[in-house]
Amino acid sequence: MTRWGMVIDLDRCTGCQSCVIACKAENNIPFVGAEQARMGRDINWMEIISEIHYEGDEVKRRFIPRPCFHCESAPCTKVCPVHATYLTDDGLVAQIFHRCIGCRFCMAACPYTAKYFNWSYYQIPDQMTLGRNPDVSVRPAGVVEKCTFCHHRQLKARDRAAAEGRQMMPEEFVTACQESCPSAAILFGDLDDPDSEVAKAAHSPRAFRMLEELGTHPKVFYLKEEENIDG
Amino acid sequence: MKAIGISRAARRGCAAGLLLVSGCWQGSTTQPIQFNHLLHMEEVGLECTDCHRYVKRAEFAGRPTVDICAECHEELLTDSAQEAILVEYIQADEAIPWERLYEVPDHVYYSHRRHVAVAKIDCDVCHGKIGRSDRPPQRPLQRLTMDFCLVCHEQQGASTDCNACHR
Amino acid sequence: MALTRRRFVGIASLTAAGSAASVGALNRLERVMARRGEWYDRTEERVPSICQLCPGGCGLSVRVVDGIPVKVEGNPIHPVNQGRLCPRGLAGLQSLYDPDRLVSPAKRVGDRGSGEWEKISWDEALEILAARLGSLRDAETPHSLAVMGGEYRGITHRLWDRFATAFGTPNYMRMRTLAPEKPSPVAAMMHGEQRPITYDLAEASFVLSFGCSWLEGWRSPVNQMMAYGEMRAGRNGGRAEIVHVEPRMSISAASADLWLPVRPGTEGVLALGLAHLILRERLFDEDFIDNNVLGFEGWTGSDGRRHPGYREMVLEEYTPVRVSEITGVRAETIVSVARRFALKRPAIALDEDRSALHGHDLFTRMAIHSLNVLVGSIGAVGGVLPGNQSLPLDDWPNLELDETSRRGLSIRRLDGAGSGERFLDDEVPRGIAEAVLDENAAPIEVLILHRANPLYGRADKELFRRALEQVPMVVSLSTVTDETSRYADLILPEHHFLERWQDDEVTFLAGFTAFSIGRPTVGPLYDTRLGGEVVFSLARKIGGRVAAAFPWKSYEECLKNTCHGLFRSGRGYVVSSPSDEMLRQVLQRQGYRAPEFDSYSEFWDAISSSGAWWERFEPYERTLHSFNTPSGRLELIPQLLNRRLEEAASQQVSGETSVGEEKGKLLMALGVAPDADLSLYPRLLVASADATEDDDSYPFLLKTYELLTIGQGIGANLPWLQENIAVHVDGAWDSWVEIHPDTAHALAIRDGAMVVVESAAGELTLRARLNSGTRPEVIAIPVGQGHSAGGRWARDRGVDPSDLVTSKKAAGEGLGFGEPTRVRIRQG
């Protein structure tokens, strides 16, 4: 069985936000404008969380890219009253935008704040709508949206494979964030395939998951930053 | 882990909602040329894929371009008034403004290739007997609702996971 | 016919948004928009292009569905970025569909800057300009045309250069502020190398960056971030160490293993402090220094005087304790960083970032680069490599000049570059503005600006504004109405980069050179033209030898002819899939080279559909015994510097002054004492750092910096970038000033409060953001905001910190990245 998952190497991440913008361009994510952004209504399926911490008296900053974690035991799916968000057989936490009634229970349930509410019909100038990705639907106002692991790319890749009478190869399905990452910090693939890069990395001694103690079993792993041995 | 199936009632509710938003199915459609499918299939002996060239190759069936028509209709073959309109388009090398009859909403991923080339579903199943019509129908011969899709998917043993079609 | 109101239009109706109400033929955009929603076939293709949003040279692969570009991605087979892309590049599509793009040529009808325009045809616009230019040549004053270009390279630069020469003006200059377009003079002085030296980051074991924001900008950010990925965990040969020296914790500093918040302006002292340790503990590469380097030991000059060498001066002046006092970096840290730098070879010290570090900039850069020399990184794998070979492009037919042009070209450049106080510069945009305002200088009659916007982001923009008012005819060639085009008499709208043929020469990255080609991804959406073709049309209208200089019918033809040399040279390869590339490398190692193309047209088809040609240089050879310096060696204490100084001084001498006096003046312009001896620069550096004074009325130092998103303002009109402007601060759609929490506490300033930052040059009101990633006495404001034009998302948003910059040096060099400006802060 396939179980899609991601490994993000924090040692390689520079916080450049390529993944964030690649995601917006791929998934037709609207910009909400200065006023709405001030109210915290901006939408980032992939977001870089950055914080300062101290090691002794040394100031350090870290960058943590945060997509949807597609948890094995996802709290959001358990509270959805209309089956608009649920776990699929291949391990994606699906979000069916047009089924969503906008109750936002799932947003409250998600400990990682990976879900976003579409507050209004975001108007963009007419000519800009030409630049939308025709493979992804534009979400209407009043629904919750989030990272889909570029599920639409999987649909196309699967279709192509079926037409050619073969199984889809894992490398045919890459996410937009992984594809754009300049320092190759993002790995994506089948966690159940022991030979895949992503499965190997997920078993690395550096691997950890966010808020593991909650028992959500995220399918996004992080590799922690390394220290130089002689540093 | 098994995806939880949707109850039929919920499905109907959803399908009804879908109908409401797809206004184009309620109105009637008039085409620029009164194309005769029956004549082209029965008398000329064409296949659907002769004109809708992408059916087996891509997600989209493909609107026949004037180039395809021009392969036969470079000049008038009959005294049909409708053909005369076509030839005007061909000679002006202008795209024929066909009105779209069947349409799935943009949040549905539908692939002709998958259904026709892989699953070997007949065109008739979704498009009705359009091949036997002698003039363009004013509304779809088969209403495409989610319920319609799912009944077939269940019969065929295809996936009924929402994520398999919705995007 | 009386002019109706209708013909007078505001600037808004010259843009895409305003054109909806226009009459006449539909432009392509309107046709495309009308077609939308029709039943289409969804044909899909990938078209190679080149990103023009910074000089990094990334190859693009544009996804075009049904003839409409829908996404910009990295070209997976392009050697610069290998499919990767930065946020600015990824958002680039938003600039194609920018509703505030210019859609039609226009001429000014109201007063300068009033924003009243009349739409005209291209023919009329070019006729107006050509008539004016023709009259300059008729009057035998072709030198009163000045052309100012912005950030571009390749054929566009060659075309303008050729146009200026054929026309007869020496006043063609570029407003370049970004590396690699503007390499630091260090390579020229120490290596005798005019091309930018390259840094083999991916293979380095230690990178010591002195304020070089190599992960946020600099030369080719994506290529550098790829190298960063290579240097981190999991690579063969172990993880590389990165140390970053900068008063503020930039993104590059945050990604480093160690951040050294040095006191501003003392970077050079720290570098020589590290050198002191390396010398004292004999950790330097003796073999390399003995064979290649001059100035390490003392020498006796032709005047019989003994000069102390680099080693002697550094050992004498830069003890860790003293350096620690000056720089604010702990002595133990200096010792341990110096040891690791020298022992973890190959090591790289990065110096050049933007235009100027501070007043004594050149010495600081030479001090930093001397670390590379000490550890023998010059020419080593994972070190600093000499400039790449130039590309085998075809030369253009020889220019034949007429008498008018010859006479015009013999007149001295107006900006004074290469002489006087500017003896180390090759172009000084500010000089043109000064010359226009100087009543004694020859007047400028026509000024053409191509992608140059001197009225934004420069500390000297007021000077430029006054100068533009004096120039009888200002022409702006650009895609949007920027600050400068509001002052233009004639606006010529240019194609967006995704709409045109493009070319790019990449010669500044380690290990390879490349020539990229971009095809139009969509036909021009509006009534715009390609910049290079505007040059052709102008030349044709002027006629004579000027017209004869441009024998090409189109830019595409010119490009195609120029590329012929790549094919004929038999060098390099058209980029191809990784598997082809692998096979080719195997064959090459065995000594085979199969000609891939039978004809040039096959070659052209391949290069224009794959996006680039490239040539690798490997393995590197350490045979560097020929440096193009006076001594033929790498000069730690450059003789060229003194020589250039002597030459410049003797040129300046008039009846009343002596060479000595003139030299003194030039030395003061370099930021040192008038009697200073430049061959003692290691001593000068510590002396000038010691002399830095505090000023109680302006207790803080302002550092301006560039964000990877909006850069120097080019990304400011891309809404996705405005919304995700930075990760270290919550600053969407705005500007902010970063203040250390301790400083803020002392001033009773809370996070998010409005504050006023004031310098001797002016004051700005903006939001305060508390940030421990800075020294307490340093505050930081990003550049790129504060536009008064440039589209709806850029305009009237945030502040432009160059309004505060006081340094004359920085003002001359560009965007005020230089010397920190002294400021004070109060609650707003």
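Residues numbered from 1 in each chain as written. Chains lettered and ligands numbered in written order. Predicted model: local features only at pLDDT ≥ 70, side-chain atom pairs only at ≥ 80, totals over all residues.

## Quick look at the overall build of chain C
Condition: A helix here means a DSSP run of H or I that spans at least four residues, while a strand means a run of E at least two residues long, and both kinds are numbered starting from the N terminus. The atom set for the radius of gyration is the C-alpha atoms, and the globule formula is 2.2 Å times the number of residues raised to the power 0.38. Put plainly, a residue is buried at 20 or more neighbouring C-beta atoms within 10 Å of its own, exposed at 12 or fewer, and partly exposed in between, counting only other residues' C-beta atoms, which are placed from the backbone. Any residue pair is listed as a contact if its two C-beta atoms, each placed from the backbone, are within 7 Å.
Per the secondary structure count, chain C includes 28 helices and 31 strands. Taken over C-alpha atoms, the radius of gyration comes to 27 Å for chain C, in line with the 28 Å a tight globule of 828 residues would show. Structurally, chain C occupies a C-alpha span of about 80 × 70 × 60 Å along its principal axes. In chain C, buried positions account for 57% of the 828 residues. By sequence separation, contacts in chain C at least 24 residues apart represent 73% of the contacts at least 6 residues apart.

## Comments concerning the overall build of chain B
Along its length, chain B carries eight helices and zero strands. Element order for chain B, N to C, with α for helix and β for strand: α-α-α-α-α-α-α-α. The buried share of chain B, taken over its 167 residues, is 14%.

## Describing the sheet that holds strand β10 (residues 220-223) of chain A
Note on sheets: strands pair through backbone hydrogen bonds, and any given pair is parallel or antiparallel. Residue and element names in this part refer to chain A. What counts is decided by this rule: Strands are labelled as partners when DSSP assigns at least two bridges between them.
Pairing is mixed across the open sheet formed by four strands, whose spatial order is β8-β1-β10-β9. Both outer strands of the open sheet, β8 (186-190) and β9 (207-208), are each paired with one neighbouring strand and no more. Strand direction decides the pairing type here: β9 and β10, joined by two bridges, are antiparallel. Paired with F208 across the bridge in β10 is Y222.

## Examining the interface of chain A and chain C
We count it as follows: Basically, the charged four are Asp, Glu, Lys and Arg, the nonpolar ten are Ala, Val, Leu, Ile, Met, Phe, Trp, Tyr, Cys and Pro, and anything else, Gly included, counts as polar.
Counting residues at the interface gives 44 residues for chain A and 51 residues for chain C. Every element with two or more residues in the side of chain A that touches chain C is listed here: α1 (18-26), α2 (33-38), β2 (47-55), β3 (58-66) and α6 (176-180) of chain A. Per-element accounting of the side of chain A that touches chain C gives the leading share, seven residues, to α1(A). Per-class residue counts for the side of chain A that touches chain C are 21 nonpolar, 12 polar and 11 charged.

## Quick word on the nonpolar core
Rules: Buried Ala, Val, Leu, Ile, Met, Phe, Trp, Tyr and Cys residues whose C-beta atoms connect them within 7 Å together make up a nonpolar core.
Core analysis: the biggest nonpolar cluster contains 301 residues, and C:A271, C:L274, C:A275, C:F341, C:L371 and C:V475 have the highest contact counts within it. Excluding its chain neighbours within four sequence positions, the residues that come into contact with C:V475 are C:L129, C:V446, C:I448, C:L449, C:A488, C:D489, C:L490 and C:L492.

## Some details on the pairing of β10(A)
Residue and element names in this part refer to chain A. Of the two faces of β10, the one carrying V220 and Y222 and the one carrying F221 and L223 are both buried. Relative to β10, strand β1 (residues 4-9) is paired through four bridges, and the arrangement is parallel. Looking across to β10, one finds that M6 is bridged to V220.

## So, the packing of helix α9 (residues 267-280) of chain C against helix α12 (residues 320-327) of chain C
The packing of two helices is summarised by the inter-axis angle and the distance between the axes. All names here are of chain C. Our working rule: Geometry is summarised by axes, namely lines fitted to C-alpha atoms with helices restricted to the contacting stretch, and by angles between N-to-C directions that run from 0 to 180 degrees. Oblique is the label for any angle not covered by the other classes, which are roughly parallel (under 35 degrees), roughly antiparallel (over 145) and roughly perpendicular (65 to 115). Left-handed is the label given to a crossing in which the near helix is rotated counterclockwise from the far helix by less than a right angle, and right-handed is the label when the rotation is clockwise.
Packing of α9 against α12 brings their axes to within 9 Å, and their N-to-C directions diverge by 165°. What the angle tells us is that α9 and α12 run roughly antiparallel. Crossing angle aside, the handedness with which α9 passes α12 is left-handed. On the side of α9, the interface is formed by V269, L270, G273, H276 and L277, while α12 contributes P320, V323, I326 and T327. Considered class by class, the residues forming the contact of α9 with α12 number six nonpolar, three polar and no charged.

## Points about the confidence of the model for chain B
Residue and element names in this part refer to chain B. What counts, and what does not: pLDDT: the predictor's confidence for each residue, scored from 0 to 100.
Taken residue by residue, chain B gives an average pLDDT of 82. The fraction at 70 or more is 84%. Taken element by element, chain B is modelled with least confidence in helix α1 (residues 8-21), mean pLDDT 41, and with most confidence in helix α8 (residues 146-156), mean pLDDT 95. Here residues 1-25 is modelled with pLDDT under 50, and outside its nearest four sequence neighbours on either side it reaches 30 contacts, counting other chains as well.

## Section: the environment of A:Y54
All names here are of chain A. Relative to the elements of secondary structure, Y54 occurs in strand β2. For Y54, a count of 9 C-beta atoms within 10 Å puts it in the exposed group. Put simply, Y54 and A25 are 29 residues apart on the chain and 35 Å apart in space, counted from C-alpha to C-alpha. Those residues within four positions of Y54 in sequence are excluded, and the remaining contacts are V59 and K60.

## Quick word on the packing of helix α4 (residues 66-73) of chain B against helix α5 (residues 81-92) of chain B
Residue and element names in this part refer to chain B. At their nearest, the axes of α4 and α5 sit 10 Å apart, and the two run at 115° to each other. Every pair of crossing elements has a handedness; the one defined by α4 and α5 is left-handed. Here V66, C69, A70 and H73 of α4 lie close against α5, whose contacting residues are E83, L86, V87, Y89 and I90. For the contact of α4 with α5, a count of residues per class yields seven nonpolar, one polar and one charged.

## A look at the environment of C:L90
Among the secondary structure elements, C:L90 is positioned in helix α2 (residues 87-90). Between the C-alpha atoms of C:L90 and C:E30, which are 60 residues apart in sequence, the distance is 25 Å. Those residues in contact with C:L90 that sit more than four places away from it in its chain are A:S18, A:I21, A:A22, A:A25, A:S180, C:V72 and C:L85.

## Structural notes on the confidence of the model for chain C
Residues and elements named next belong to chain C. Per-residue pLDDT for chain C has a mean of 87; in total, 90% of the residues score no lower than 70. Scored below 50 in pLDDT, residues 1-8 makes four contacts in the model with residues more than four places away or belonging to other chains. Ignoring residues within four places in sequence, the model shows residues 810-817, a span with pLDDT below 50, making 36 contacts including any to other chains. Of the two predicted TM-score estimates for the complex, the pTM is 0.93 and the ipTM is 0.96.

## Observations concerning the sheet that holds strand β21 (residues 502-506) of chain C
All names here are of chain C. Taken in spatial order, the four strands line up as β21-β22-β24-β23 in an open sheet, and their pairing is antiparallel. Every interior strand has two partners, whereas the edge strands, β21 and β23 (573-574), have only one. Two strands pair when backbone bridges link them, and β23 and strand β24 (residues 612-616) are joined in this way by two bridges, in the antiparallel orientation. In the strand pairing of β24, Y573 is matched with W614.

## Focus on unusual backbone geometry
Residue C:R345 is joined to C:P346 through a cis peptide bond whose omega torsion reads -5°. Take C:P346: it is sitting in the loop between α13 (331-343) and β16 (347-350). Positive phi, normally seen in glycine, also occurs at B:K120, with a value near 55°. On the secondary structure map, B:K120 appears in the loop between α6 (112-118) and α7 (123-127). Note on B:K120: 7 C-beta atoms within 10 Å, which makes it exposed.

## A closer look at α5(B)
Rules: One less than the number of residues in a helix, times 1.5 Å, gives the span that helix is expected to have.
Helix length check: α5(B), at 12 residues, gives a terminal C-alpha distance of 17 Å against a target of 16 Å (1.5 Å per residue), a fit within 8%. B:D93 occupies a position one or two residues after α5(B) and carries a positive phi of about 50°.

## Overview of the environment of C:L530
Residues and elements named next belong to chain C. For L530, the location among the structural elements is in the loop between β22 (512-518) and α18 (531-542). Sequence separation between L530 and R413 is 117 residues; the distance between their C-alpha atoms is 28 Å. Contacts of L530, omitting those with residues within four sequence positions, involve H495, R500, W501 and Y555.

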